[in-house]
Amino acid sequence: MSGLIFAIELAYWQQTLIKVLVAAVLIPTTALILGIVFLFKMMSWMQSRMGPQEAGPRGLLQLAADGLKFLQKEDIIPDRADRFVFKAAPVVVLASTFLTYVILPAGPDLVIENLPTGIFFAMAVSSLSVVGVLMAGWASSNKYALMGGLRAGGQLIAYELPLILAVMGVVIQAGSLSMQDIVWAQADGSMFGFGGLGLPFVITQVLAFFIFMAAIQAELTQPPFDMPVAESEVVGGFHVEYTGFRFLFFFLGEFATAFAFAAIAATLFLGGWWVPGVDPNSALANVVGPIALFVKIMVVAFLIFWFRFTYPRFREDQLQRFAWKYLIPLALANITITGILVVVL
Amino acid sequence: MTVTDSQKMAYVAAQAADARVNLQFETEDGMTLNMGPQHPATHGTLRIVAQLDGEQVVRCEPIPGYMHRGYEKLCEVRTYPQVTTLINRIDWLGSFANEVPFILAAEKLMDVEAPPRAQVIRTILFELSRLGNISLFLGDLGIQLGGITIGFYAFRDREFVLNQIEAATGGRFHPNFDRIGGLKDDLPKGWIAETHLAMERMRRLCDEFEELVLGNEIFQARTRGIGVIPTDIATSYGMSGANLRATGVDWDLRRDACPPGLSYDLADWKVWTHPDGDSYARTWIRLQEVRESTHIVDQLLDSIPAGPIMAKVPRIIKVPEGEAWVATENPLGEMGYYVVSKGDLVPFRVKIRSASFNNISVVPWVTRGVFVPDVITILASLYFILGDIDR
Amino acid sequence: MPKVPGMVKGLGVTFRTMVETLKPSGGPATVQYPHEKEEPSPRARGVIALHEENCTACMLCSRECPDWCIYIEAHKTLAPPRRAGGKPRQVNQLDRFAIDYSLCMYCGICVEVCPFEALFWSPEYEFSEVSIADLLHEKERLGEWMETVPDFEAYEAGSEAKGKKVPR
Ligand code: SF4
Ligand code: SF4
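These numbers come from a predicted model, not from an experiment.

Notes on the overall build of chain C
Per the secondary structure count, chain C includes 4 helices and 5 strands. Secondary structure elements of chain C occur, N-terminal to C-terminal, as α-β-α-β-β-α-β-β-α. Taking 2.2 N^0.38 as the reference for a compact globule, 168 residues should give roughly 15 Å; the C-alpha atoms of chain C span a radius of gyration of 24 Å, well beyond that estimate. Taken across its 168 residues, chain C has 36% of its residues classed as buried.

Set out below in structure tokens:
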């Protein structure tokens, strides 16, 4: 382990401070990047438009401008809302996103906290956002928000299971719950004896990858699974009553979570920060790693948003049926097969 | 102060209307959801009160009237040329088609007939407004179902149709181009060739719609078997147009009872029907109709006869005494005008029969027991224009 | 060949459109409005221009307008004779001619009924105002629109309509 900055020894509180700051900067930035690149630009191109053009060069600062606009807006809390819960809900949602970032490795040493049970932790905290969503839906004292919140609750719980089961396959193959170890397992792996490309788990875990993609689409409440926020049915769902910076919290939360899930998918299935040809033990990996991870995240995010802009949405009961009847059995089958193969080979 | 009988009646009517709405609100079991008048799915200001049991609809009632503009009454104080400017705004997406039946009724009363050239061009514009209307339906259906991309495609390609309407009439939305005895003006040079191109674009939109929405498994899961309207229910509610054809009734006024003044017989085309009567069938029918419409326009464009565009009519139009009823197959269904004239500058009474009012009145029947999202698909696939409900 | 599932086909459509939009030969379907403008067709009903010399204050337009948004005031006056030695003619001198564009519904009846070719459509569409009262265009403003009135287009083959000219 070399590299100049890593040689400096810092007190625990100093490390913590730096880590918190990094996460605090990272979350809005990543949300902005995804919002601009995919929500604004790619969606526009797919719809024969150019997207925002005015704010900043080629409109790239549009989302920052929108964020500023949200900050100026009046903060309206409905009269009959449960004020405390109403205010707390966006924070809970954002906090769950915040915690997910903790375990994302961007290089051999670039990780906020390399937990031995990293992926388990990520799955656990990401499901916290359900609580925030339910709180928002309930506290708004709005029928649409309530319906949206309950739909979201049902949906997120139903899709937590395939998500975790899909991850299980990878975990079994890597033999570890730590995100770093999963990356190492892919870097050390080999395809039919050829180790040059390592073994990204997307090759052995195709099924798990698809289940994972479908499940995160549902976790993010994006089309085709966006009934909790369906604007033509429940007019925005749980965040229908939110304005100004509280709405901004939900917005940031949504896109930062999208980024986090894309990062998890990239790490689990595409090899994370690892690049073929770069020695994972060298200092170079700490420089190339974040870039490689970013590129991989963008690929995954492209897929996520491509589905989002193409598909109509399911109905709530169809979605539940899809999860319980297809995704979960498939994921279980995947685990069984992986388990047998790992033992046999 | 004395209260007249009519005032009393009005009071009673208002009370009765209120009572019915309030009754729905004050339910003990379940939840009453008030969709609209400002709800994105009711495109316009239709209000729908749904009594829910969880996500399931127990009762659902549309409450129209939030956009009532009193056109029937306004027509009584407008001269015949002025009336077309008003009725343009009934179904605002296919506005030229609104003018035609009224003008035909007036022509019938005055016993004039538009010259052949005017008739063909009138039919072309009629079909163009149908295209402008239904292509928006294709996009709107996608938006209501959450696939917003097709909405943008529809707007993009609809623009070509609107441009053609504008190039000929001067108005994109409210052409006000149809006149008693012909049309206001002749076509500008190069219009025919450009319209052919626009028809190409529309056909491309249809293909894209088919690939992006109609063929999508999610869309089929959302629409097949949802909102099934059997034939007898459809006819007893007085439904018309594509909604009726989707229940398997082979009925099209353009073919069956085309009033004189439109020249559909010059083109070779087909009336599509679908046996299912569900939301999918209604969508499918409309998609085929757009295709068929482009073919009608293409054929008619090549058979525009030479000649004058206006018959001889007096400058000041006085319609002789009499009554006339003319109905045509408008984009949304059967639209008819019953015009009573007392030989004046203004009509004595105009009764407007617009399609959406009847089409939407089936909603309480068809939404029993469906889920809330299905209410949205059913409304979207029934396809109403609010101005066409309320007038 | 097995049937391609509809969901995959849909992805193809959106991807194709994205490539199409980004290709230099394709480009987006939209225009960047304040920087580029769409050209409406010459017949487009944008704003009404008044050719004041032709107007005889006959009030036909104002009477036929469906929502009565044309205001005309005039008085009788003597104009110099057309030929030398002739009698002075009695003409209507236009004092005020205003169209209230906040009421106008752009139906075109006024332009159509004017017997003296004093009103014309211009496709100009950028005359929105901050205050609704400014939408009342007096005759000077209406006269300025005359410059933007395009020539009438030629007619399509087979037409018997007579071509018209815009007085300049
Ligand atoms: S266009 Fe129609 S509404 Fe406008 S001023 Fe002329 S007649 Fe009146
Ligand atoms: S109809 Fe023509 S001439 Fe008569 S007042 Fe109006 S603009 Fe002037």
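With respect to the overall build of chain B
Each helix and strand counted, chain B has 16 helices and 8 strands in total. Here chain B has a C-alpha radius of gyration of 22 Å; the compact-globule value for 391 residues is 21 Å, and the two agree. Dimensions of chain B, computed from C-alpha atoms along their principal axes, come out at roughly 70 × 65 × 35 Å. Here chain B, with 391 residues, has 63% of them falling under the buried criterion. In chain B, of all internal contacts separated by at least 6 residues, the share reaching a separation of at least 24 is 72%. Of the roughly 13,900 Å² of accessible surface on chain B, 57% is carried by carbon and sulfur atoms.

Focus: the site of ligand 2
Taken together, 14 residues sit near ligand 2, with C:Cys55, C:Cys58, C:Met59, C:Cys61 and C:Cys114 positioned nearest. Of the residues in the shell around ligand 2, the class split is 13 nonpolar, 1 polar and no charged.

Overview of the sheet that holds strand β2 (residues 47-53) of chain B
Residue and element names in this part refer to chain B. Strand order in the open sheet made by the 3 strands is β1-β2-β3, with antiparallel pairing throughout. Lying at the two open borders of the sheet, with one neighbouring strand each, are β1 (31-35) and β3 (56-63). Adjacent strand axes in the sheet meet at a mean angle of 20°, parallel and antiparallel pairs treated alike. Sheet topology note: the β1/β2 ladder contains 5 bridges and is antiparallel. Counterpart to Asn-34 in the pairing with β2 is Val-49.

Details of the sheet that holds strand β3 (residues 89-100) of chain C
All names here are of chain C. Strand order in the open sheet formed by 3 strands is β2-β3-β5, and the pairing between neighbours is antiparallel. Single-partner strands in this sheet number two, and they are β2 (70-79) and β5 (136-137). In the sheet, β2 pairs with β3 via 10 bridges, with the strands oriented antiparallel. Residue pairing in the sheet places Glu-73 in a bridge with Arg-96 of β3.

Side note on the packing of aromatic side chains
Residue and element names in this part refer to chain B. Taken as a whole and assessed by the stated rule, the structure comprises 24 aromatic pairs over all chains. Here the aromatic rings of Phe-137 and Tyr-383 are separated by 4.9 Å at their centres, their planes lie at 55°, and the arrangement is tilted. Of this pair, Phe-137 sits in helix α5 (residues 116-144) while Tyr-383 is found in the loop between α15 (372-382) and α16 (386-390), placing the two residues 246 residues apart along the sequence. In this pair, the class of Phe-137 matches that of Tyr-383, namely buried. Sitting over the ring of Trp-272, Lys-270 keeps its end group 4.6 Å from the ring centre. Just above the ring of Phe-348 sits the side chain of Lys-342; from NZ or CZ to the centre is 4.8 Å.

Quick look at the environment of A:Asn286
Turning to its location among the elements, A:Asn286 is positioned in helix α12 (residues 284-310). C-alpha separation for the pair A:Asn286 and A:Leu115, spaced 171 residues apart in sequence, amounts to 19 Å.

Let's talk about unusual backbone geometry
Non-glycine residue B:Asn176 carries a positive phi angle of around 50°. The residue B:Asn176 is located in the loop between α6 (149-169) and β4 (178-179) in this model. A positive phi angle, near 55°, is found at C:Ala57, a position not held by glycine. Checked against the element boundaries, C:Ala57 lands in the loop between β1 (47-50) and α2 (60-64). The buried category is assigned to C:Ala57, whose relative accessible area is 9%.

Some details on the site of ligand 1
The local shell around ligand 1 holds 13 residues, among which C:Cys65, C:Cys104, C:Cys107, C:Gly108 and C:Cys110 are the closest. Classifying every residue of the shell around ligand 1 gives 11 nonpolar, 1 polar and 1 charged.

Brief notes about the interface of chain A and chain C
With 14 residues of chain A at the contact, the number on the chain C side is 15 residues. Summed over both sides, the interface between chain A and chain C buries roughly 1,300 Å², with carbon and sulfur atoms accounting for 72% of that surface. Our count for the contact surface shared by chain A and chain C stands at 0 salt bridges. Put simply, the parts of the chain that give the side of chain A that touches chain C at least two residues each are α2 (12-46) and α12 of chain A. Considering each element in turn, the side of chain A that touches chain C owes the most residues, 5 residues, to α12(A). Residue classes in the side of chain A that touches chain C are distributed as 9 nonpolar, 3 polar and 2 charged.

Examining the interface of chain C and chain B
Between chain C and chain B, the residue contacts involve 35 residues of the former and 43 residues of the latter. The contact between chain C and chain B buries some 3,100 Å² in all, and 47% of this surface belongs to carbon and sulfur atoms. At the surface where chain C touches chain B, the tally comes to 2 salt bridges. One salt bridge in this structure joins C:Glu112 and B:Arg179, with 2.5 Å as the shortest N-O distance. Summed over the shared surface of chain C and chain B, the result is 11 residue pairs in polar contact (both at pLDDT 80 or more). Among the secondary structure elements, those contributing two or more residues to the side of chain C that touches chain B are α1 (6-22), α2 and α3 (109-113) of chain C. For the side of chain C that touches chain B, the element with the highest residue contribution is α1(C), accounting for 8 residues. Classifying every residue of the side of chain C that touches chain B gives 17 nonpolar, 7 polar and 11 charged.

Focus: the confidence of the model for chain B
A residue-level look at chain B finds 94% of positions with pLDDT of 70 or above and a mean pLDDT of 82. Looking at the elements of chain B, mean pLDDT is at its lowest for helix α1 (residues 5-25) of chain B, recorded as 62, and at its highest for helix α12 (residues 279-301) of chain B, recorded as 88.

So, the pairing of strand β7 (residues 333-341) of chain B
All names here are of chain B. Summarising burial for β7: 8 of the 9 residues are buried, a large majority. By the bridge criterion, 9 bridges tie strand β6 (residues 322-330) to β7 in an arrangement that is antiparallel. Bridge pairing in β7 links Gly-322 to Ser-341. Bridge analysis of β7 against strand β8 (residues 349-353) gives 5 bridges, and the strand direction is antiparallel. Residue pairing across strands places Val-340 opposite Arg-349, the latter belonging to β8.

Re the confidence of the model for chain C
The pLDDT averaged across chain C works out to 80; a share of 98% of its residues lies at or above 70. Overall fold confidence for the complex sits at a pTM of 0.81, while the interface term, ipTM, reaches 0.79.

Details of the pattern of salt bridges
When the charged atoms of two side chains with opposite charge come close together, those side chains can pair. Residue and element names in this part refer to chain B. Considering all chains together, one arrives at 30 salt bridges over all chains under this definition. For Glu-72, the salt bridge identified is with Arg-349, shortest N-O distance 3.5 Å. Note that Glu-72 is positioned in helix α2 (residues 71-74) and Arg-349 in strand β8, a separation of 277 residues in sequence. Its relative accessible area of 32% is what places Arg-349 among the partly exposed residues.

The rules behind each value
Residues numbered from 1 in each chain as written. Chains lettered and ligands numbered in written order. Predicted model: local features only at pLDDT ≥ 70, side-chain atom pairs only at ≥ 80, totals over all residues. Heavy atoms only, no water. Helix = DSSP H or I, 4+ residues; strand = E, 2+ residues; numbered from the N terminus. Rg over C-alpha atoms; globule rule 2.2 N^0.38 Å. Buried < 20%, exposed > 50% of the residue type's maximum accessible area, 1.4 Å probe, protein only. Contact = heavy atoms within 4.5 Å. Areas by Shrake-Rupley, 256 points an atom, 1.4 Å probe, with all protein chains shown as cover. Near = heavy atom within 4 Å. Nonpolar A, V, L, I, M, F, W, Y, C, P; charged D, E, K, R; others polar. Pairing = 2+ DSSP bridges. Axes fitted to C-alpha atoms, helices over the stretch in contact; angles between N-to-C directions. Phe/Tyr/Trp six-rings, centres within 6.5 Å; stacked < 30°, edge-to-face > 60°. Lys NZ or Arg CZ within 6 Å of the ring centre and 35° of its normal. Buried area = accessible area lost by both parts, 1.4 Å probe. Salt bridge = Lys/Arg side-chain N within 4 Å of Asp/Glu carboxyl O. Polar contact = N/O pair within 3.5 Å; in protein donor to acceptor, adjacent residues only side chain to side chain. pLDDT = per-residue confidence, 0-100.

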